[in-house]
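Examination of the molecular architecture
Take a look at the letters that make up each chain.
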Amino acid sequence: MEVQIATNPTQLKSYISGSWTQGEGENLKVFSPYNGSLIGEGPLASESQIKEAISSASEAQKSWAQTPIKERTRVMFELRRILLAEQDEITHLKCSESGKTFPEGKAGLMKGIEVLEYALSLQNLDIGGRLEVSRGVSCEYRREPLGVVSCITPFNFPAMVPMWTLPITLTLGNAVIWKPSEKTPLTALKLADCFERAGLPKGLLSVVLGKKEAVEEICDNEQVQAISFVGSTNVAKSVYQRGTAHGKRVLALGGAKNHIVLLPDASEDISGVGISDSFTGCAGQRCMAASVLLAVGDVEGHILKIKERAQSLELGSTMGAIITKEQVDFLKGAIDDAVAAGAKVLLDGRESSMPSALEGGYWIGPTILDHIKPGSIAATKELFGPIISIIRCKDISEAMKIQNSSEYGNACSVFTSSGPAAEKVVSMAQAGMVGVNVGVPVPREPFSFGGVSASKFGHGDITGSHSLDFWSNLKKVTVKWEKQNDNNWMS
Ligand code: NAD
């Protein structure tokens, strides 16, 4: 389906304490990566408006914390109904501001809904525990919310990434201040509208439009207890440091440089599709995209298949756009630099054409760079575009040495038909998410999402069971009503 891009720009407002509020900060303009047209405009929230959102969240959270989880979950059931009913509208919106194709946009929303479904199951599965630990003495677990928390999100998954956090933390009884990317505020405001119509009490979710200063206010504000951040590594690290310096719990997911180990015994069909789709999907703008292909031995037939599939993509139809013109220029420069450093270009996206109606947009085609040297920029830096760098390796050990020298540790995959070879890569890879014959090894719920090294600052994962302990405290209650006659230290 073709992405529908609004012809009239949306007037952007923040959603503060249950009201659609005109910002008092600098003016923001949002352009569609598809054709460069203005699709949203309005002022950012000011510091005092963010403070107001946090204070009213703190008030609203007190009664939400006292609301039984089954009642809180009813809001999330209604939210799911609304999201499914309006999935096409939401998908058009998120694609028009992030550059995704319609199927990619839909898939991201569905993955977000899958996390929502995990949150729906908490009322039945996360029921604490109670045990008589001594005669007449019992211990019990109670999960208690933290209070006001925050979620700071990137442009590249405008619905999925916030849905990693919002349903779970709200279901657990917290109130949230959400600071979406300034590049994709339209989806954020639409989702806030869905939460409101689902019946979420006022003040429990505020969406503040802002940039760096808004993030700093959230990190410094003493009423905010915990922050989930997803974005580039430098910002993730600074948010982690600033938030924890103010005594907050912070889980900050950063960037990535994902490696794929390709062995000669892999199926050419499976690896051709899997590797091509991994580096071209979302135009390479995802933290799980393949970025370096560690080609072990003779894999020429496989590389041909990867190239054929990537070459068949059509910009604006089967492949999406890049978020900004500056990023397109950066990617073209990175290709120029790699060529100057000796790379052979097997497929050159700098010259790809797009339909004339989309010429004002931000485009670059799939690019395959061969004979990249380990340690070079194309081999080590996160480029965040549809570019794959091939490094030739003599064996798995050499490939794993390169993979494990990366500062990042988000994903690593191997394509092979050998169980022992796959196990060797899985066990050696220093990465949080590892795949076998899967180009984008994103774990599906209830398996949690998270990398290691410079791809994540903080402990635990952002979804799954780890997220429950991140967004709550476990209170341990020990009870005795009668004096006991037995002879142990609890009597
Ligand atoms: P970004 O770091 O530029 O922005 C992320 C958020 O931080 C946005 O809300 C932005 O407004 C805010 N921000 C930007 N600069 C800031 C600063 N100096 N101080 C404080 N806040 C700041 O990231 P992006 O370009 O929106 O997203 C792409 C990046 O996100 C890539 O590096 C990608 O790998 C990463 N990412 C990681 C994951 C993961 O799960 N590890 C998932 C998605 C995206």
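Summary of the structure given here. (Residues numbered from 1 in each chain as written. Predicted model: local features only at pLDDT ≥ 70, side-chain atom pairs only at ≥ 80, totals over all residues. Heavy atoms only, no water.)

**Observations regarding the packing of aromatic side chains**
Across all of its chains, the model carries six aromatic pairs by this definition. The interplanar angle of 80° and the centroid separation of 5.6 Å between the aromatic rings of Tyr34 and Trp363 together place this pair among those described as edge-to-face. One end of the pair, Tyr34, is in the loop between β4 (27-31) and β5 (38-43); the other, Trp363, is in the loop between β15 (344-347) and β16 (367-370), and 329 residues separate them in sequence. Against the face of Phe157 rests Lys100, its NZ or CZ located 3.7 Å from the ring centre. (Phe/Tyr/Trp six-rings, centres within 6.5 Å; stacked < 30°, edge-to-face > 60°. Helix = DSSP H or I, 4+ residues; strand = E, 2+ residues; numbered from the N terminus. Lys NZ or Arg CZ within 6 Å of the ring centre and 35° of its normal.)

**What to know about the state of the cysteines**
Evaluated as defined, the whole model comprises zero disulfides. Free of any disulfide, Cys219 has its nearest cysteine sulfur in Cys151, 13 Å distant. Summary of cysteine pairing: Cys393 is not part of a disulfide, and the nearest cysteine sulfur, belonging to Cys412, is at 11 Å. The class for Cys393 is buried, based on a relative accessible area of 6%. (Disulfide = S-S within 2.5 Å. Buried < 20%, exposed > 50% of the residue type's maximum accessible area, 1.4 Å probe, protein only.)

**A look at the sheet that holds strand β20 (residues 433-436)**
Pairing within the open sheet is mixed, and its seven strands lie in the order β15-β16-β17-β14-β13-β19-β20. Lying at the two open borders of the sheet, with one neighbouring strand each, are β15 and β20. The sheet shows a mean angle of 20° between the axes of neighbouring strands, taken without regard to direction. Relative to strand β17 (residues 387-393), strand β14 (residues 290-296) runs parallel, the two sharing five bridges. Bridge assignment links Leu293 to a residue of β17, and that residue is Ile390. (Pairing = 2+ DSSP bridges. Axes fitted to C-alpha atoms, helices over the stretch in contact; angles between N-to-C directions.)

**Examining the layout of surface pockets**
Empty space within the largest pocket amounts to approximately 1000 Å³. Secondary-structure elements contributing two or more residues to the lining of the largest pocket are α5 (160-171), α7 (212-220), β11 (224-230), α8 (233-245) and α11 (325-340). For the lining of the largest pocket, the leading source of residues is α8, giving six residues. Here the residues of the lining of the largest pocket are counted per class, giving 20 nonpolar, 15 polar and 10 charged. When residues of the lining of the largest pocket are sorted by domain, at least three fall in each of domain 1 (10-254 + 455-475) and domain 2 (258-436). What the second largest pocket holds in volume is close to 640 Å³. Secondary structure elements with two or more residues in the lining of the second largest pocket: α4 (102-125), α5 and α9 (268-280). Ranked by the residues each element gives to the lining of the second largest pocket, the list is headed by α4, at six residues. (1 Å grid on protein atoms, 1.4 Å probe; cavity = no way out; pocket = protein on both sides within 12 Å on 5 of 7 lines; lining within 4 Å. Points joined across faces, edges and corners; volume = space filled by probe spheres on them. Nonpolar A, V, L, I, M, F, W, Y, C, P; charged D, E, K, R; others polar. Domains from an automatic or database assignment.)

**Brief notes about the nonpolar core**
Leu83, Trp164, Leu170 and Leu200 are the most contacted members of the largest nonpolar core, which has 90 residues in total. Taken together, domain 1 (10-254 + 455-475) and domain 2 (258-436) each give at least three residues to this core, which thus spans both. Not counting residues up to four positions away in its chain, the partners in contact with Trp164 are Val115, Val230, Leu253, Phe449, Ile462 and Thr463. Within the second largest apolar cluster, 43 residues are counted, among which are Tyr34, Val296, Ala334 and Ala338. (Core = buried A, V, L, I, M, F, W, Y, C linked by side-chain atoms within 4.5 Å. Contact = heavy atoms within 4.5 Å.)

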